[in-house]
Amino acid sequence: MGFADQRFNVNLSILFTELPLPERPAAAAAAGFTAVELWWPWVDSPTPEQSALDALRRAIRDAGVRLTGLNFYAGQLPGPDRGALSVPGEESERFRANIDVAAGFAESLGCTALNALYGNRVDGVDPAEQDALALENLVLAARAADRIGAVLLIEALNRPESPRYPLVSAPAAMGVVDKVNAATGLDNARFLMDLYHLATNGEDLPQVIDRYAARTGHVQIADIPGRGAPGTGSLPLEDLLDRLRKAGYEGWVGLEYKPGDRPSAEAFDWLPREARAAR
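In this text, all values refer to a predicted model and were calculated from it rather than measured experimentally. (Residues numbered from 1 in each chain as written. Predicted model: local features only at pLDDT ≥ 70, side-chain atom pairs only at ≥ 80, totals over all residues. Heavy atoms only, no water.)

A.B. asks: Break down the packing of aromatic side chains for me, with residues and values.
C.D. replies: Here the structure, examined in full by the defined rule, presents 11 aromatic pairs. Through successive ring pairs, a cluster of aromatic residues spans Phe3, Phe8, Phe16, Phe33, Tyr257, Phe268 and Trp270. (Phe/Tyr/Trp six-rings, centres within 6.5 Å; stacked < 30°, edge-to-face > 60°.)

A.B. asks: Outline the nonpolar core, listing residues and values.
C.D. replies: Ranked by internal contacts, the top residues of the largest apolar core, which has 94 residues, are Phe8, Phe191, Met193, Leu255 and Phe268. When sequence neighbours within four positions are dropped, the list of residues in contact with Leu255 reads Phe8, Asn9, Val10, Asn11, Ile14, Leu15, Phe33, Ile221, Phe268 and Trp270. (Core = buried A, V, L, I, M, F, W, Y, C linked by side-chain atoms within 4.5 Å. Buried < 20%, exposed > 50% of the residue type's maximum accessible area, 1.4 Å probe, protein only. Contact = heavy atoms within 4.5 Å.)

A.B. asks: If you had to explain the layout of surface pockets to someone new, which residues and values would you point to?
C.D. replies: To find leftover empty space, one rolls a probe the size of a water molecule over the atoms. The volume enclosed by the largest pocket comes to roughly 350 Å³. Looking at the lining of the largest pocket, its residues break down into 6 nonpolar, 6 polar and 6 charged. The space that makes up the second largest pocket amounts to roughly 160 Å³. Taken together, Arg7, Thr68, Thr112, Ala113, Val151, Arg190, Gly217, His218, Tyr249, Gly251 and Trp252 make up the full set of residues lining the second largest pocket. Taken together, the residues that form the lining of the second largest pocket break down as 4 nonpolar, 5 polar and 2 charged. (1 Å grid on protein atoms, 1.4 Å probe; cavity = no way out; pocket = protein on both sides within 12 Å on 5 of 7 lines; lining within 4 Å. Points joined across faces, edges and corners; volume = space filled by probe spheres on them. Nonpolar A, V, L, I, M, F, W, Y, C, P; charged D, E, K, R; others polar.)

A.B. asks: Just give me the short version of the pairing of strand β5 (residues 151-155), but keep the residues and values in it.
C.D. replies: Within a regular strand, side chains alternate between the sheet's two faces. Counting buried positions over the 5 residues of β5 gives 4, a clear majority of the element. Where strand β4 (residues 113-115) meets β5, 3 bridges bridge the pair, whose relative direction is parallel. Its bridge partner lying in β5, Leu114 is registered against Leu152. Note on the crossover from β4 through helix α4 (residues 127-147) to β5: the handedness is right-handed. Alignment of β5 against strand β6 (residues 189-194), held across 4 bridges, turns out to be parallel. Directly across from Leu152, in β6, lies its bridge partner Ala189. (Helix = DSSP H or I, 4+ residues; strand = E, 2+ residues; numbered from the N terminus. Pairing = 2+ DSSP bridges. Right-handed = clockwise from strand over helix to strand, strands pointing away.)

A.B. asks: Which residues make up unusual backbone geometry, and what values go with them?
C.D. replies: Here the amide bond leading from Leu77 into Pro78 is cis, since omega sits at 5°, within 30 degrees of zero. Relative to the assigned elements, Pro78 resides in the loop between β3 (66-71) and α3 (90-108). A cis amide bond, omega -5°, links Ile224 with the succeeding residue Pro225. Within the secondary structure, Pro225 is located in the loop between β7 (216-221) and α8 (237-246). Of note in the backbone geometry, Asp187 takes a positive phi value of approximately 55° without being a glycine. Note that Asp187 resides in the loop between α5 (170-184) and β6.

A.B. asks: Give a detailed account of the pairing of β3, specifying residues and quantitative values.
C.D. replies: When you tally the buried positions in β3, you get 5 out of 6 residues, the bulk of the element. Handedness of the β-α-β unit built from strand β2 (residues 35-38), helix α2 (residues 50-63) and β3 comes out right-handed. On the question of chirality, the crossover connecting β3 to the parallel β4 by way of α3 is right-handed.

A.B. asks: Which residues make up empty space enclosed by the protein, and what are the values?
C.D. replies: Using the criterion set out here, one finds 1 cavity of 30 Å³ or more in the structure. If you add up the space inside the largest cavity, you get close to 70 Å³. Taken together, Asn11, Glu37, Leu38, Gly69, Leu70, Asn71, Ala113, Asn115, Leu153, Leu192, His218 and Gln220 form the lining of the largest cavity. Contributing elements (two or more residues each) for the lining of the largest cavity: β2, β3, β4 and β7. Per-element tally for the lining of the largest cavity: the top contributor is β3, with 3 residues.

Here's what the structure looks like:
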């Protein structure tokens, strides 16, 4: 086994960002990839103009790549925000306004994984109130995902970089997965296992894999420290991905790392070109 046995996609919100958004799908294709994923691309608008949606859809189709993952609106990301769905007031309403827009865009491109970032704790707001709001919004998102045959992803982040984000362990994220599935009866909420975040938290990654692989809907990777490409740090990513495969995970592995001080097209030397196209 090894990297060549995985199904990789490229996150166009962290790689190829030196290019305008409409040019990134073609750049990923030129680098040999056939699948991409995205954070919500319009950080200031949960409901962008139809022309903007059409332009990005056309760019993805024209590049001949598949969209395999998309975030719901998450506020200023990258930036200070870590989601909107648990934030009372305007941000929660923006998340709700985005649900059908994001699901419709995903459906038009055959994307079957939608990631809903939970949101930071807010000063002066009871965490229980935020959690109740989060569950309401996640139920709405799960139902929208179900209508297009998609899974809803719940992600754990890392505490050092996201100290106000409440889901900073695999068990915490899985607890939310369980609550959403219990509330909807749809069983389409899944864990987004980001090995970079979990490793930064100091979690036992082999144990996390063995315990949660069967309920994982997507995997993302970057090396530590630095969130660089595989091989730039100390994380045994090839071994960990092999373990995931042996545990039964056959889904996508998102490349969500920083290219460093070089063009993104040069940040894939760890992966032979023949292994970049999805099989």
